[in-house]
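# Chain and residue survey
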Amino acid sequence: MSAASCLRSKDQFLCSICLDVFTDPVTTSCGHNFCKNCITEHWNSNDQYLCPICKEVFNTRPKLKVNTLFSEMVSRFRQEAQQEASSSSSEQQAAKPGEVPCDVCTGTKLKALKSCLVCLTSYCETHLEPHLTASRLKRHQLMDPVENLEDRMCMKHDNPLELFCKTDQTCVCMLCSVLDHKTHDVVPLKEEYEGKKAELGKTEAEIQQMIQKRRLKIQEIKHSVDLSKEDADREKAEGVQVFTALKESVERSLNELIETIEEKQRTTEKQAEDFIKELEQEISELMKRSSEVEKLSRSEDHLHLLQNFPSLKAAAPTKDWTEVSVRPPTYEGTVVRAVTQLEETLSKQMKKLLGEVELKRVQQYAVDVTLDPDTAHPNLILSDDGKQVNCGDVEKNLPDNPKRFSLCANVLGKQSFSSGRFYFEVQVKGKTEWDLGVARESINRKGEITLRPQNGYWTIVMRNGNEYKAGNNTPVCLSLKSQLQKVGVFVDYEEGLVSFYDVDAAALIYSFTGCSFTEKLYPYFCPGPNDGGKNSAPLIICPVNQTE
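Rules used throughout
- Residues numbered from 1 in each chain as written.
- Predicted model: local features only at pLDDT ≥ 70, side-chain atom pairs only at ≥ 80, totals over all residues.
- Heavy atoms only, no water.
- Pairing = 2+ DSSP bridges.
- Helix = DSSP H or I, 4+ residues; strand = E, 2+ residues; numbered from the N terminus.
- Phe/Tyr/Trp six-rings, centres within 6.5 Å; stacked < 30°, edge-to-face > 60°.
- Buried < 20%, exposed > 50% of the residue type's maximum accessible area, 1.4 Å probe, protein only.
- Contact = heavy atoms within 4.5 Å.
- Axes fitted to C-alpha atoms, helices over the stretch in contact; angles between N-to-C directions.
- Parallel < 35°, antiparallel > 145°, perpendicular 65-115°, else oblique.
- Left-handed = near helix turned anticlockwise from the far one by under 90°.
- Nonpolar A, V, L, I, M, F, W, Y, C, P; charged D, E, K, R; others polar.
- Salt bridge = Lys/Arg side-chain N within 4 Å of Asp/Glu carboxyl O.
- Patch = residues over 30% accessible without salt bridge, like charges linked within 9 Å, V, L, I, M, F, W, Y side chains within 5 Å.
- Areas by Shrake-Rupley, 256 points an atom, 1.4 Å probe, with all protein chains shown as cover.
- Core = buried A, V, L, I, M, F, W, Y, C linked by side-chain atoms within 4.5 Å.
- Disulfide = S-S within 2.5 Å.

### What about the sheet that holds strand E17 (residues 467-470)?
Judged by pairing direction, the sheet is antiparallel, and its 6 strands sit side by side in the order E13-E22-E15-E16-E17-E18 without closing on themselves. Edge positions in the sheet fall to strand E13 (411-412) and strand E18 (476-478), since each of these pairs with one other strand and no more. One ladder, built from 6 bridges, connects strand E15 (residues 434-440) with strand E22 (residues 521-526); its direction is antiparallel. Bridge pairing links Ala439 to Tyr522 in E22.

### Notes on the packing of aromatic side chains
Taken as a whole and judged by the stated rule, the model has 15 aromatic pairs. Centre to centre, the rings of Phe275 and Trp321 are 5.9 Å apart; their planes meet at 85 degrees, and the pair counts as edge-to-face. Within this pair, whereas Phe275 is found in helix H7 (residues 189-297), its partner Trp321 is found in the loop between helix H8 (302-313) and helix H9 (334-363), the two being separated by 46 residues in sequence. Taking the relative accessible area as the measure of exposure, Phe275 reaches 19% and is therefore buried. On the basis of relative accessibility, which here comes to 19%, the residue Trp321 falls in the buried class. When the centroid spacing of 6.0 Å and the interplanar angle of 40 degrees are considered together, the rings of Tyr365 and Phe490 count as tilted.

### Focus on the side chain of Thr268
As for its position among the elements, Thr268 is in helix H7. Those residues in contact with Thr268 that sit more than four places away from it in its chain are Val326, Arg327 and Pro329.

### Looking at the packing of H7 against H9
Close contact between H7 and H9 brings their axes to 10 Å; oriented N to C, the two are set at 160 degrees. Classed by the angle they form, the pair H7 and H9 counts as roughly antiparallel. Regarding H7 and H9, the two cross each other, and that crossing is right-handed. Residue-level contacts link Glu238, Val242, Ala245, Leu246, Ser249, Val250, Ser253, Leu257, Ile261 and Lys264 of H7 to Thr334, Val335, Ala338, Leu342, Leu346, Gln349, Met350, Leu353, Val357 and Lys360 of H9. Residue composition of the contact of H7 with H9, by class: 13 nonpolar, 4 polar and 3 charged.

### Here we look at the pattern of salt bridges
Inspection of the entire model under this criterion finds 21 salt bridges. The shortest N-O distance in the salt bridge between Glu99 and Lys111 comes to 3.8 Å. Taken together, the residues span a long stretch of sequence, with Glu99 in the loop between helix H3 (68-91) and strand E5 (114-116) and Lys111 in the loop between H3 and E5 at a distance of 12 residues. Here Lys111 falls in the partly exposed class, since its relative accessible area comes to 37%. Asp144 is paired through a salt bridge with Lys114; the nearest N and O atoms lie 3.3 Å apart. Residue Asp144 is found in the loop between strand E7 (142-143) and strand E8 (163-165), and its partner Lys114 is found in strand E5; the two are separated by 30 residues along the sequence. Classification of Lys114 by relative accessible area gives partly exposed; the value is 28%. Through salt bridges that share partners, Lys229, Asp233 and Lys236 make up one connected network.

### Observations concerning a nonpolar patch on the surface
Taken together, Leu175, Val178 and Leu179 make up a surface patch of nonpolar side chains, about 260 Å² in accessible area. Considering the arrangement of structural elements, one finds Leu179 in the loop between helix H6 (174-178) and strand E10 (186-188).

### A short note on the sheet that holds strand E9 (residues 170-172)
Pairing within the open sheet is antiparallel, and its 3 strands lie in the order E9-E8-E10. Either end of the sheet is taken by a strand with one partner, and the two such strands are E9 and E10. Neighbour-to-neighbour, the strand axes of this sheet turn through a mean angle of 35 degrees, independent of strand direction. Of the pairings in the sheet, the one linking E8 to E9 comprises 3 bridges and is antiparallel in character. By the bridge assignment for E9, Cys165 is matched with Thr170.

### Side note on the environment of Ala94
Here Ala94 is to be found in the loop between H3 and E5. Spatially, the C-alpha atoms of Ala94 and Pro475 are 87 Å apart, while their sequence positions differ by 381 residues. Beyond its immediate sequence surroundings of up to four residues, Ala94 is in contact with Glu99, Thr108, Lys109, Leu110 and Lys111.

### Notes on the pairing of strand E16 (residues 457-463)
Within E16, 6 of the 7 residues are buried, which leaves the element mostly enclosed by the surrounding structure. Taken together, the 6 bridges between E15 and E16 define a ladder with antiparallel strand orientation. Within E16, the position partnered with Gly437 by the bridge is Thr459. In this sheet, E17 lies alongside E16 in antiparallel orientation, the contact comprising 4 bridges. By the bridge assignment, Ile460 is partnered in E17 with Ala470. Between E16 and E17, which pair antiparallel in sequence order, lie 3 residues; one of them, Asn464, sits at a positive phi of approximately 60 degrees.

### Concerning unusual backbone geometry
Unlike most non-glycine residues, Asp24 shows phi in positive territory, near 50 degrees. Despite not being glycine, Ala506 has its phi angle at roughly 50 degrees, a positive value. Positionally, Ala506 belongs in the loop between strand E20 (497-502) and strand E21 (507-512). On the accessibility criterion, Ala506 (5% relative accessible area) is buried.

### So, the nonpolar core
Core analysis: the biggest nonpolar cluster contains 38 residues, and Trp434, Val487 and Phe525 have the highest contact counts within it. The residues contacting Val487, other than those within four sequence positions of it, are Phe424, Glu425, Val426, Val428, Trp434, Leu436, Ile460, Phe500, Tyr501 and Val503.

### A look at the environment of Val476
With respect to the element layout, Val476 can be found in strand E18. In sequence terms Val476 and Asn530 are 54 residues apart; their C-alpha atoms lie 25 Å from each other. In this view, Val476 contacts Tyr468, Lys469, Ala470 and Tyr510; residues no more than four positions away in its chain are not counted.

### Points about the state of the cysteines
Counted under the stated rule, the structure contains 0 disulfides. Of all cysteine sulfurs, the one in Cys35 lies closest to Cys15, which takes part in no disulfide; the gap is 3.9 Å. The exposure class of Cys15 is buried, given its relative accessible area of 0%. Cys477 forms no disulfide, and the closest cysteine sulfur to it belongs to Cys526, at a distance of 19 Å. With a relative accessible area of 60%, Cys477 lands in the exposed category.

As structure tokens, then:
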């Protein structure tokens, strides 16, 4: 029998009592077949002996007979079905933890494909076949596999839970709705399911929104970590740069100290070598003279001795070495002087290096600043690109809007800042007078102006070509080593900090600290009067080139 014919005739080999393939099939006198154990238990549990299929009643318990031909067909069918099931199960997956297993499988439990709400049983693909082919089983309600199917039955009435009591918020059966929940608001399970499913949809959307917010927060945190790492790497690199330079200075000073000491020692050794060489030369001459004297003293020639005696008796041509000595050089104070000089060198170098590091740090907050013509005093001349300003001698006829300075020759930047950090650079080369800094939005623009923080100005100024001051409540004179060529302006809004830098010297000029900013800040510029052409050079907003 082929697998196809086996499946087509499968209904013939199912016991109508257990709904499974016959086991030990027997035949009643009315001609119907049952599992021997099934029909025996059926008659044991009933008062009457009747056929479960045709309902024929027997007065006495019938004798069960084995239909040999049918029994062989069942045996063959079972064998082929087992082979089919074995082949099918090898393709199916065994139930994993958390998956619903087939209730019928023996040995390895396969993964259930469906659960039957009538049989209260879960079936794998093989054991589900009768529900798909047997006409009386097709009417059973199948669903995706679930565990604990008995929980879907009413404990009180043993009926399926098909309704939902909205009053008590519980699932009920049909009998419950007409007995215990008669006056309650009861709806079909599907109706409540759809409502709850819609609510779950909203909940899912809310959860997804929460997930998205948290993912964005994770990205934000990771970005902060990345920024922190960049800052840390930059600080490490700058630290290595500074300490390497200082280390090289120390090594250079040490080498110079050693060279100084060794040079003194070489000088001493050279002097000693010269003296020794001279002494050895004299010794050689004296030894020669001694040999001649000794030879003459042994001579028996009276005339020869008397003739040569005067020359040998005369003083030998030698140097008086009594006061000659080699004095070791004094090293007292050499190390102290070297360390003192090194300290001065390191102090200057550290100040320069730290200035470069600090300037480089603030330059990373560079912003693009342009001049706002709507704020410029009528005497000011602005370049077309809004990057330069100088003061002319002719006052232009401009509309006097609320933003424009009417008495003082000032101008503000277009850009405003109300948080974070920002930095810009201005060339002041060739000028004899100027003001630079930042100002708050609400400053007075129509009368006399005093550059003080309490009036909304944080500035430094230059007068008479070389006099620098910070416009504090009490002006602070600034002592600078050289005339400023380019000035950097840095603001940390939250920290309440305004700092000014000498860009060329990479040095801090002055800082306003502890400021309290509560409104927008604008870059502030005043090129000063033309002064007959002496101060005609413009203030120029420069692009920021970070120091290397």
